[in-house]
Amino acid sequence: MSLEFWRNLAVVWLALLCFVGLLLPLAATLFAVKGMHIAVDKTPGLLRQVQNGARQGRLKVDSASRAAAEQVIQARSKLARIETRLARLAGKRS
């Protein structure tokens, strides 16, 4: 067995080790790319769901605030009427 044989064996052995050593990063990269592809495919649908939820929440808050404001307006209107009546009874003109 000459030195050339051992050199060729070492080159083949190193090539095999490098190939096996690069399989793990290659597999990780493959799964990362596939995962990003799945995420990109699902993102628009999820964003639509979030947008619909935000719209419904905004509409509920708006209707609740309008109802609360209407009650405050009615209460202040009744209070103003009562104050006016009391002022007229007391003889004050407003």
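That block above? That's the structure.
Residues numbered from 1 in each chain as written. Predicted model: local features only at pLDDT ≥ 70, side-chain atom pairs only at ≥ 80, totals over all residues. Heavy atoms only, no water.

### A closer look at the overall build of the protein chain
Point 1. The helix and strand inventory of the protein chain stands at 1 helix and 0 strands.
Point 2. What you see for the protein chain is a C-alpha radius of gyration of 39 Å, clearly larger than the 12 Å of a compact globule of 94 residues, by over 25%.
Point 3. The principal-axis extent of the C-alpha atoms belonging to the protein chain is close to 130 × 25 × 10 Å.
Point 4. Scored against the burial criterion, the 94 residues of the protein chain give a buried share of 1%.
Point 5. Carbon and sulfur atoms form 68% of the exposed surface of the protein chain, whose accessible area is close to 8,900 Å².
Point 6. Measuring between centres, the 15 positive side-chain charges of the protein chain sit 16 Å from its 5 negative side-chain charges. (Helix = DSSP H or I, 4+ residues; strand = E, 2+ residues; numbered from the N terminus. Rg over C-alpha atoms; globule rule 2.2 N^0.38 Å. Buried < 20%, exposed > 50% of the residue type's maximum accessible area, 1.4 Å probe, protein only. Areas by Shrake-Rupley, 256 points an atom, 1.4 Å probe, with all protein chains shown as cover. Lys, Arg positive; Asp, Glu negative; His and termini not counted. Charge placed at Lys NZ, Arg CZ, Asp CG, Glu CD.)

### Topic: a nonpolar patch on the surface
Point 1. Where nonpolar side chains cluster on the molecular surface, the patch consists of Trp13, Leu14, Leu16, Leu17, Phe19, Val20, Leu23 and Leu26 and spans about 840 Å² of accessible area.
Point 2. You can see leucine 26 is positioned in helix α1 (residues 3-90). (Patch = residues over 30% accessible without salt bridge, like charges linked within 9 Å, V, L, I, M, F, W, Y side chains within 5 Å. Salt bridge = Lys/Arg side-chain N within 4 Å of Asp/Glu carboxyl O.)

### Thoughts on a positive patch on the surface
Point 1. A grouping of Lys78, Arg81, Arg85 and Arg88 is seen on the molecular surface, where their side chains present a positively charged patch.
Point 2. With respect to the helices and strands, the residue arginine 81 is situated in helix α1.

### Concerning the pattern of salt bridges
Point 1. Counted by the stated rule, this structure contains 1 salt bridge.
Point 2. Note that aspartate 62 and arginine 66 form a salt bridge whose closest N and O atoms lie 3.1 Å from each other. In this pair, aspartate 62 and arginine 66 both sit in helix α1, 4 residues apart, roughly one turn of the helix.

### Things to note about the environment of glycine 57
Point 1. Tracing the chain through its elements places glycine 57 in helix α1.
Point 2. Considering only alpha carbons, one finds glycine 57 and histidine 37, 20 residues apart in sequence, at a separation of 31 Å.

### What about α1?
Within an α-helix, residues lying three or four positions from one another point in the same direction, as the helix has 3.6 residues per turn.
Point 1. Counted at 1.5 Å a residue, the expected span for α1 with its 88 residues is 130 Å, and the 124 Å between its end C-alpha atoms agrees.
Point 2. At threonine 43, α1 shows its largest kink, close to 35°, and the proline proline 44 lies no more than four residues downstream. (Expected span 1.5 Å × (residues − 1). Bend = angle between axes of the 7 residues up to and from the residue.)

Just geometry here; none of it tells us what the structure is for.
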